[in-house]
Each structure stands twice: as structure tokens, then as C-alpha cells.
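Read off the chains here:
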Amino acid sequence: MEDYILRINLLVFITLTVFYLYQMIYVVVVLFKKHKEKQSTPCKLHRFGVVIAARNESVVIGNLIRSIKNQTYPSRLVDIFVVADNCTDNTADIARQEGAVVYERFNQIQIGKGYALDFAFHHIAQDYGNNYHDAFFVFDADNLLDSHYIEEMNVVFSQGCQVITSYRNSKNYATNWITAGYSLWFLREAKYLNNARMMLGTNCAISGTGFLISSKIVHKYDGWKFHLLTEDIEFSVASAIEGERIGYCEKAILYDEQPETFRQSWTQRLRWSKGFYQVIWNYGGSLLSKLIKDKNHPFSCYDMFMTIAPASLLSLACLLLNVIFLLVAVFRPHYVDTLVILAGKSILFSFVNFYVVLFAMGMLTTITEWKQIKAPAHKKILYAFTFPLFIFTYIPISIVALFKNVQWTPITHSVTKSVEEMK
């Protein structure tokens, strides 16, 4: 029995380490591989449409539109479109006052950002034609753009990438351990996942907001046909399966607002967790099939499969197994001493091991992105220690998401900082 417990726990640990070892290689690549700067040649100035899905975002929509209009990129080549999606406030009026073209949508059956984007793309095609814009940016209403954002994205777009994601920073990192947890995760995703993928020439992944998609891709799907609860990762997985490469622009900086209460965070991450289950259910088989049969893009499919794989559930299963061992000890007194000690050590080992790994991840990101993080020094250090605790809260969320019927619900945004305040 003792050997059985030790082997099970060791097997889980080794399995997770082997499967995710490539992400450690990503870190090494970013830290030590020289980033080849392409020769700066004049880029074609493309015409872009900016699409913003907004539901009751009157507090923040104005700042985003102003940050778009204050870009270094020629404003005559940028059209701003706002989908006022089931709004009950004056989001549409404010967006129009700021100079955006507004499409109002009222649909209580097809709810979610994916449907709003599809609605926008069809209306833009109807009003402007299919070939008027070379590409579209997709933002959330709470975003802010660095003044060089579109200029930098245009450079990468001119190099041939049809889909591009960007560097995602935070407007409210310093508020508390929850906002910092989100922020560190997105900073790490940008720096040590998408950046590494771009350097190695493999597929990146879009993450909710702050990405470019060419008109060719929009036409290919006849709008936006991704309507699962995590439409962003659904699109990324579909791109990997179809061999469509997603690029990354590290110089294009976007500021995003994070939920500030645990209730809001629970609601949002519950949707994300359920959405990941939906994606793996709908696309997992295709990813594995492509991984085995496709000789051109196998690693991209593996990377995306590990991105959506519920690793937290494997860790949870290991924890539950040790709890079962403890319960067995209660009903089998002659096992009490041995099982309690072994199971207790295994649970403690699992917790400490994952805490150390996550802390190292958070601290490394904090150190390398120190200047980008908008927070006092003591909070930057403190929140590196609380980062693993934030990630651990995914465990109960993942469990609930397995059984709960989750619907898309809006998150209230209230941080009204301007781009100037983020510098």
C-alpha cells in the first residue's frame, strides 16, 4: 500500500512535468536567445477597422476611443466601430459623441461577445464592402492603447501575419492580490508564451482582447463563427488545426482592466473554465488527430492541446486520491499510522511543489517586466507571493464548472484611467 501511494503521486508529478516541460524551454528561449530584429523598411499603411463589443460600458468606452484616435498611426486609415450590445445605458450615445460608428444590437437569445463580433462584421461588410478594410482590431471597452499600438501592429501585419496578438498589461495591477494575479498571468502569457512562440516560429494564441485579424480571415469564416464561452481560445485552437499561424507583436502594448472582487473573479473564471471544457470537447479530437497526422504543424497542435488540457483536474485527482487514503485509514485502523503520514506528506508535497513552481513563474515575470508593471515596489514583491494562491483558487472553480450550466454574464468595469496615467 505504501509503495502504491508513493508511485501514484510520483507518476502524477512526472507526467505533469514532462507534458509542460516545453514551457520551461520557452522561458530559456526568451531569456537567452537573441531576438532578431528585422530590418526596418517602410511598411505599407493599411486601412484598419477597430471593432469594440460593449455592453453597458459608458464609464470606460470614451477613454478607449480617445486612445485609438490619439495613435501615431494616420487617423484617416482607422475606422472605429462599436457594437452596443444589449445596452441599457448611454454607451451608444457616448461612443457616437467620441466619433465612432455605432451598431446597436438587441438579442437576448444569442448572448456573448462572439455573437456581437459576428453582428459587427456583417454590418461593416454591408456598409463598407468586403475589401474596404485590410484588417480589423478587436478590443474590449475597458482597454486602453499605447500611442504606438496600431503603428507597431501594422509592422507585423506587413510581414505577412494574418492574425496577431499583442502585449497585455493591466490598468489596475496594484489594487489587490486578485487584480495582480490576473495581471501577472497575462504578462507571463505575453512574455514567456507568445513571445517565445513568435521567436521559434510556432503558433501564438489570442487571449480575449487586443488582437488583429485580417479581412481575409473574416471573409473565410463569413464573419465570426466562434460562440463558445471562450471564443478566443476556440479561435486559436481552430487556427492551429487549420494551419493558420497567429503572430505576436511585443511592442504593441494594451492596458486591460481586471476584476477587483473575488465574486467577479469567480464568475469570470467559471465561464473561462467551462469554456475550456467546451473547447476540448469540441476540438480535442481534431487537435490530437492533426497532431498525429499533420507533419507541418504538429507542435502548434500539441501546444494548443496542452493549453486547453485541464491540468488542474489531474492535480485535483491526485489530491482527492490522497484524501481517500486518509479516509481508508479511518476505517482500517491498522493502516492509520502509515497512510496518514504518507497521504499527509503527499498532499503537503503537492502543495509546496506547485506553490514553488508558480511563485518562480510569478517572480520571474515580475523581475523581467518590472518597469512595465504599474505598482509600488513593495506590492510588486508581495503579489509575487500571492500569485500561486490566486492560481490555486482555480481548483474549486474547475470543479464547479464541470457540473454547472454556465452562461455568459458581463463584468462591470469602472477604472477610468487614461493612457497618460499609465505611463
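Above this text sits the structure in question.
In what follows, the accompanying structure is described. (Residues numbered from 1 in each chain as written. Predicted model: local features only at pLDDT ≥ 70, side-chain atom pairs only at ≥ 80, totals over all residues. Heavy atoms only, no water.)

Below, the discussion takes up the pairing of strand β3 (residues 101-105). Taken together, the five bridges between strand β2 (residues 78-85) and β3 define a ladder with parallel strand orientation. Bridged to Asp-85 within β3 is Arg-105. Read as a crossover between parallel neighbours, the route from β2 over helix α4 (residues 91-97) to β3 is right-handed. (Pairing = 2+ DSSP bridges. Helix = DSSP H or I, 4+ residues; strand = E, 2+ residues; numbered from the N terminus. Right-handed = clockwise from strand over helix to strand, strands pointing away.)

Moving on, we come to the nonpolar core. One finds Ile-52, Phe-139, Ile-213 and Phe-235 to be the most contacted residues of the largest nonpolar core, which totals 113 residues. Sort the elements by how many residues they give to this core and helix α7 (residues 177-200) lands first, with 12 residues. (Core = buried A, V, L, I, M, F, W, Y, C linked by side-chain atoms within 4.5 Å. Buried < 20%, exposed > 50% of the residue type's maximum accessible area, 1.4 Å probe, protein only.)

Further remarks concern the packing of helix α14 (residues 377-392) against helix α15 (residues 394-403). Running from amino to carboxyl end, α14 crosses α15 at an angle of 15°, the nearest separation of the two axes being 5 Å. Here α14 lies roughly parallel to α15, going by the angle between them. Residues Phe-390, Ile-391 and Phe-392 of α14 form the contact with α15, whose own contacting residues are Tyr-394, Ile-395 and Pro-396. In terms of residue class, the contact of α14 with α15 is built from six nonpolar, no polar and no charged. (Axes fitted to C-alpha atoms, helices over the stretch in contact; angles between N-to-C directions. Parallel < 35°, antiparallel > 145°, perpendicular 65-115°, else oblique. Contact = heavy atoms within 4.5 Å. Nonpolar A, V, L, I, M, F, W, Y, C, P; charged D, E, K, R; others polar.)

With that settled, the discussion passes to a nonpolar patch on the surface. Judged by side-chain polarity, Trp-177, Phe-262, Leu-348, Phe-351, Val-352, Val-356 and Leu-389 come together as a nonpolar surface patch covering roughly 610 Å² of accessible area. When residues in the nonpolar patch are grouped by element, the largest group, four residues, is from helix α13 (residues 336-368). With respect to the helices and strands, Leu-348 occurs in helix α13. Judged by relative accessible area, which is 54%, Leu-348 ranks as exposed. (Patch = residues over 30% accessible without salt bridge, like charges linked within 9 Å, V, L, I, M, F, W, Y side chains within 5 Å. Areas by Shrake-Rupley, 256 points an atom, 1.4 Å probe, with all protein chains shown as cover. Salt bridge = Lys/Arg side-chain N within 4 Å of Asp/Glu carboxyl O.)

Packing of α7 against helix α10 (residues 262-293) leaves a shortest axis separation of 10 Å and a crossing angle of 35°. Packed against α7, whose contacting residues are Trp-177, Ile-178, Tyr-182 and Phe-186, the element α10 presents Phe-262, Ser-265, Gln-268, Arg-269 and Trp-272 at the interface. Of the residues in the contact of α7 with α10, the class split is six nonpolar, two polar and one charged.

On to the pairing of strand β1 (residues 48-54), then. The side chains of a regular strand alternate, first on one face of the sheet and then on the other. Among the seven residues in β1, seven count as buried, and that is most of the element. Neither face of β1 is left uncovered, since the one carrying Phe-48, Val-50, Ile-52 and Ala-54 and the one carrying Gly-49, Val-51 and Ala-53 both have all their residues buried. Where β1 meets β2, seven bridges bridge the pair, whose relative direction is parallel. Of the residues in β2, the one forming a bridge with Phe-48 is Val-78. As for the winding sense of the linkage, the β-α-β connection from β1 through helix α3 (residues 61-69) to β2 is right-handed.

Before going further, it helps to spend a moment on helix α5 (residues 113-128). The end-to-end C-alpha distance of α5, which contains 16 residues, comes to 22 Å, matching closely the 22 Å that a straight helix rising 1.5 Å per residue would cover. Trailing α5 by a residue or two, Gly-129 shows a phi angle of about 90°, which is positive. (Expected span 1.5 Å × (residues − 1).)

Note on pairing: side chains with opposite charge can pair once their charged atoms come close. One pass over the structure, following the stated rule, counts 12 salt bridges. One salt bridge connects Arg-197 with Asp-303, and the closest N-O pair in it is separated by 2.7 Å. Of this pair, Arg-197 sits in helix α7 while Asp-303 is found in helix α11 (residues 298-308), placing the two residues 106 residues apart along the sequence. Taken individually, Arg-197 and Asp-303 each receive the classification buried, so the pair is uniform in this respect. Through salt bridges that share partners, Asp-93, Arg-96 and Glu-104 make up one connected network.

What follows is about the packing of aromatic side chains. The geometry of an aromatic ring pair comes down to the distance between the two centres and the angle between the two planes. For the structure shown, the criterion picks out 30 aromatic pairs. An angle of 90° between the planes, with centres 5.6 Å apart, marks the rings of Tyr-22 and Phe-299 as edge-to-face. You can see Tyr-22 sitting in helix α2 (residues 21-32) and its partner Phe-299 sitting in helix α11, a full 277 residues away along the chain. Look at Phe-211 and Trp-224: their rings are 6.1 Å apart centre to centre, the planes differ by 35°, and that puts the pair in the tilted class. In this pair, Phe-211 sits in strand β7 (residues 211-214) while Trp-224 sits in the loop between α8 (215-220) and α9 (231-242), placing the two residues 13 residues apart along the sequence. Among the aromatic residues, those joined into a cluster by ring pairs are Trp-177, Tyr-182, Phe-186, Phe-262, Trp-266, Trp-272 and Phe-390. A cation over a ring is seen here: Arg-269 above Tyr-394, with NZ or CZ 4.7 Å from the ring centre. (Phe/Tyr/Trp six-rings, centres within 6.5 Å; stacked < 30°, edge-to-face > 60°. Lys NZ or Arg CZ within 6 Å of the ring centre and 35° of its normal.)

Let's shift gears to empty space enclosed by the protein. Evaluation of the coordinates by the stated rule reveals two cavities of 30 Å³ or more. What the largest cavity holds in volume is close to 60 Å³. Every residue lining the largest cavity is listed: Thr-165, Ser-166, Arg-168, Phe-186, Glu-189, Ala-190, Asn-194, Ser-207 and Thr-209. Elements with a contribution of two residues or more to the lining of the largest cavity: β6 (163-170) and α7. A total of four residues in the lining of the largest cavity trace back to one element, the largest contributor, which is α7. When its residues are assigned to classes, the lining of the largest cavity shows two nonpolar, five polar and two charged. In this model, the second largest cavity occupies a volume close to 30 Å³. Lining the second largest cavity, in full, are Tyr-182, Trp-185, Phe-186, Trp-272, Phe-390, Ile-391 and Tyr-394. (1 Å grid on protein atoms, 1.4 Å probe; cavity = no way out; pocket = protein on both sides within 12 Å on 5 of 7 lines; lining within 4 Å. Points joined across faces, edges and corners; volume = space filled by probe spheres on them.)

Below, the discussion takes up the sheet that holds β2. The strand order β3-β2-β1-β4-β7-β6-β8-β5 describes an open sheet built from eight strands, whose pairing is mixed. Strands with a single pairing partner mark the edges of an open sheet, and in this sheet they are β3 and β5 (144-145). Note: β1 against strand β4 (residues 135-140), six bridges, orientation parallel. For Val-51, the partnering residue across the bridge sits in β4 and is Val-138. Each of β1, β2, β3, β4 and β7 is contacted by α5, which is oriented at about 130° to β3, the strand it contacts most.

Function cannot be read off these values alone, since they describe shape.
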